[in-house]
Amino acid sequence: MWSSFYRCLFVTCALIAADSFAQCDGCVPDQTCTTSPAFPTLCPETAPPATVGVYYEQDFTFWMPPTFTDPGSGFDVTLLQLTVTDVSGMPFGLQFTASSPTGVYYPQDDPFGCARICGTPFGAGDYMVTISVIATVNASGFTLDVPTSFPVSITVLPGSGGNASFSYAPTTGCGTVTASFQALIDGTPSPMSYAWNFGNGATSNSANPPAQTFAPAGTYTVSLQTTIGGYVLQTVTLASTNSNWCGDVEEPNLPLVGCTGSPDPYFVLTNATGGTYTSSAFTDVSSATWTNLGLLLDNPPYSISFYDEDVISSDDLLGTYNMTLTGAGTLFFNVAGGTAGSLSITNEPQQVFNDTAYVSVFPLPNAAITQNGATTELCAVDPDLASYVWLLDGQPIPDETGACVLPTGPGVWQLVGTNGFGCADTSNAIVVCPVFNIAHSGNVLFVPSGYTSYAWTYNGTPIPGSAAFVFLQGDGTYAVTVDAGNGCIINLSFLWDTTELSDHAAAQPARFAVFPAPTAGPFTIAADGLSSSTVHLELLDIEGRVVRSWAQGLPRAN
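The shown structure was predicted, so the numbers you read here are calculated from the model rather than taken from an experiment.

Caption draft 1: Fine view of the overall build of the protein. Helices and strands together make up the secondary structure of the protein, namely 2 helices and 47 strands. A total of 558 residues make up the protein; the buried ones form 40% of that total. Here the contacts in the protein between residues at least 6 apart in sequence split such that 59% fall between residues at least 24 apart. A total accessible area of about 28,200 Å² is found for the protein, and carbon and sulfur atoms account for 53% of it.

Caption draft 2: Up close: the sheet that holds strand 37 (residues 439-441). Strand order in the open sheet made by the 3 strands is 37-38-41, with antiparallel pairing throughout. Only two strands of the sheet have a single partner each, and these edge strands are strand 37 and strand 41 (469-471). Pairwise comparison of adjacent strand axes, ignoring direction, gives a mean angle of 25° for this sheet.

Caption draft 3: Seen up close, the side chain of Thr226. Turning to its location among the elements, Thr226 is positioned in strand 18 (residues 218-240). For Thr226, a relative accessible area of 0% translates into the label buried. In this structure, Thr226 is in contact with Ser165, Ile185, Met192, Ser193, Tyr194, Gln351, Val352 and Phe353, ignoring residues within four places of it in sequence.

Caption draft 4: Broad picture of a nonpolar patch on the surface. A contiguous nonpolar patch, built from Val249, Val311 and Ile312 and spanning about 370 Å² of accessible area, is present on the exposed surface. Along the chain, Ile312 falls in the loop between strand 25 (302-308) and strand 26 (316-323). For Ile312, a relative accessible area of 66% gives the class exposed.

Caption draft 5: A look at the pattern of salt bridges. According to the stated counting rule, one finds 2 salt bridges in the structure shown. A salt bridge links Arg116 to Glu57, with the shortest nitrogen-to-oxygen separation between them at 3.8 Å. Residue Arg116 is found in strand 8 (residues 112-119), and its partner Glu57 is found in strand 3 (residues 56-63); the two are separated by 59 residues along the sequence. Taking the relative accessible area as the measure of exposure, Glu57 reaches 42% and is therefore partly exposed. With its nearest N and O atoms 2.5 Å apart, the salt bridge here joins Asp59 to Arg116. With Asp59 in strand 3 and Arg116 in strand 8, this pair connects stretches of sequence that are 57 residues apart.

Caption draft 6: Geometry of the environment of Thr85. Its place among the elements puts Thr85 in strand 5 (residues 76-88). Spatially, the C-alpha atom of Thr85 lies 9.6 Å from that of Thr102, the residues being 17 residues apart in sequence.

Caption draft 7: View of the pairing of strand 3. Examined bridge by bridge, strand 1 (residues 41-43) and strand 3 share 3 bridges and lie antiparallel to one another. Counted as the bridge partner of Leu42 is Phe62 from strand 3. Direction of pairing for strand 3 relative to strand 8: antiparallel, over a ladder of 8 bridges. Pairing of Trp63 across the sheet is with Phe112, part of strand 8.

Caption draft 8: Representation of the sheet that holds strand 43 (residues 489-496) within the structure. Judged by pairing direction, the sheet is antiparallel, and its 4 strands sit side by side in the order 40-39-42-43 without closing on themselves. A strand with exactly one partner marks an edge of an open sheet, and here the two such strands are strand 40 (461-463) and strand 43. Shown here is a sheet whose adjacent strand axes are inclined to one another by a mean of 25°, direction ignored. In terms of strand pairing, strand 39 (residues 453-458) meets strand 42 (residues 476-483) through 6 bridges, oriented antiparallel. Among the inter-strand pairings, Tyr454 is bridged to a residue of strand 42, identified as Val482.

Caption draft 9: Local environment of the packing of aromatic side chains. The full count for this structure, using the stated rule, is 20 aromatic pairs. Here the aromatic rings of Phe282 and Trp290 are separated by 5.2 Å at their centres, their planes lie at 80°, and the arrangement is edge-to-face. A residue is classified by how much of its surface remains accessible, and Trp290, at 4% relative accessible area, is buried. A ring pair is formed by Phe362 and Phe421, whose centres lie 5.1 Å apart and whose planes are at 15°; its orientation type is stacked. Of this pair, Phe362 sits in strand 28 (residues 339-362) while Phe421 sits in the loop between strand 34 (411-418) and strand 35 (424-426), and the two are 59 residues apart along the sequence. For Phe421, a relative accessible area of 37% gives the class partly exposed.

Caption draft 10: Seen up close, the nonpolar core. Core analysis: the largest hydrophobic core is formed by 24 residues, its most contacted members being Leu233, Val236, Leu269, Ile304, Phe306, Met323 and Leu343. For this core, the elements supplying multiple residues, two or more each, are strand 18, strand 21 (265-270), strand 23 (288-290), strand 25, strand 26, strand 27 (329-335) and strand 28. Here this core takes 4 residues from strand 18, the largest share from any one element. With sequence-adjacent residues up to four places away left out, Leu233 is seen in contact with Leu269, Leu293, Gly294, Leu295, Leu297, Leu343, Ser344 and Ile345.

How each quantity is defined
- The numbers attached to residues start from 1 for each chain and follow its sequence in the written order.
- Only residues with pLDDT of at least 70 get local features here, since the model is predicted, and only at 80 or more are side-chain atom pairs given and counted; chain-wide, interface and lining totals rely on the full set of residues.
- Calculated side-chain values reflect all of the structure's heavy atoms, with hydrogen atoms and water omitted.
- In DSSP terms, a helix is any run of H or I states spanning at least four residues, a strand is any run of E spanning at least two, and both are numbered starting from the N terminus.
- Categorising residues by exposure relies on relative accessible area from a 1.4 Å probe, with only protein chains included: less than 20% of the type maximum marks a residue as buried, more than 50% marks it as exposed, and the intermediate range marks it as partly exposed.
- Contact criterion: two residues are considered in contact whenever any of their non-hydrogen atoms come within 4.5 Å of each other.
- Throughout, the Shrake-Rupley method with a 1.4 Å probe supplies accessible areas, and for residues the shown protein chains are the sole cover considered.
- Strands are labelled as partners when DSSP assigns at least two bridges between them.
- The axes are straight lines fitted to the C-alpha atoms, using for helices just the contacting stretch, and the angles between their N-to-C directions are given from 0 to 180°.
- A residue counts toward a patch only above 30% relative accessible area and without a salt bridge, and it is joined to like-charged neighbours within 9 Å or, for Val, Leu, Ile, Met, Phe, Trp and Tyr, to nonpolar neighbours within 5 Å.
- A pairing counts as a salt bridge when a side-chain nitrogen of Lys or Arg comes within 4 Å of a carboxyl oxygen of Asp or Glu.
- Paired rings are identified among Phe, Tyr and Trp, the last through its six-membered ring, by centres lying within 6.5 Å, and are further divided according to the angle between planes into stacked (under 30 degrees), edge-to-face (over 60) and tilted (the rest).
- What is meant by a nonpolar core is a set of buried Ala, Val, Leu, Ile, Met, Phe, Trp, Tyr and Cys residues, joined one to another through side-chain atoms within 4.5 Å.

Here is the structure:
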């Protein structure tokens, strides 16, 4: 009756839960948060996600109209009081503060309330929060206190971290963390070098290294040394010159003798803006070497020109080499018809930056479960987890939040356990098989329908067909093998003996059966010996009103 009301209400409950550790006072309700037709409403409907390591604060408004029509049942409902009794499984680092510090709300006095979620989460993941409430409602003259609990999923996104040298994400995780890294310092066109040490045994020299995996649980120190280098001209070697120096007063070109003397070489290094460096000159040599220069080439492009120094006449240009800087090494030149040599260039650190950061890998919980064969109770191996969410066929069971559960139905049972670090893991699966017996109604034997397959026998002889029921064929032993799925094979038998029945009962077997009865769900209609293959059926409610009627063809038993 109240299912649709509670489904809407649980989100509101999550936001108005009173928390004795709350530190997020100051929320203000939004008076425009209403709907038509009236129904409990939360604004905004979707909370923005939180992020690890980033302070989070978000206000929410909830509107709880004093009266409304429940869309599921059509009944008019008066909401008298709502009491939040418990909140468990909150993301670590986040807290609730509601406008009512007691967690009790009276919609008849004020239909508006608000709550603030704030804090700094430190564990990424999807969190299952269990909200327990008691709703006091009145419908059709009855006042009810209905306790229930609801799962609420809260997502905390992985955070990003970093420093002046690099950024990375995520910074934390559970079990295994795979993080991406990017260097932030780029001194291009100066030569750059990067030296990563990830603390997991891996290194890299790339500005954008491959994603790194960190495991097992622990704290990993990631370091990066970033070096802004510079190309430095260390040595200039002049191996030979052309004859442009010949013919001056200092080195005359005499008839029959030719050039006399030798050049006095030096060089001029020029940068992109016209700045120059002039070397020392050698005297009367055709080759020379200048060492330990240490000239930083930080304003390319550069050219180097060689001259013959003359005291009286103008200096003679011996040739110019336009340098192309592509890296450290030796550049060879041969220009102006014979001026040749080499340049030795090194890459020297100019600035060095060292920074570190940390990746935290939290351990996964031990979510394993076992079953007590005597009681069939399922229990977590670790009874001290922060929260427990039990699953039946992959769906959470809202009311089961303890370390143990007594299965309420057949299927695949599992546990999602969360530890103190906010890390969740899913347990092994335990299959709980259905328990039932062969039932008898009139001249029909039946078992619950809806399973994978059925195989009946009569006194050991197979009965054709694969239905959940058979018609009695006489005294004897009836058996059925039911494949209930999930590996559950159920073998049952039933002895039918009319010798102990009255003559009337034996002579007048039922020809029509509805089973199971009573039932709140699916049912089966079986008939035998009808003269027509089509019957008209009517389904009546408890007051005799026709709910549905239809014509149905019925298969005949052989």
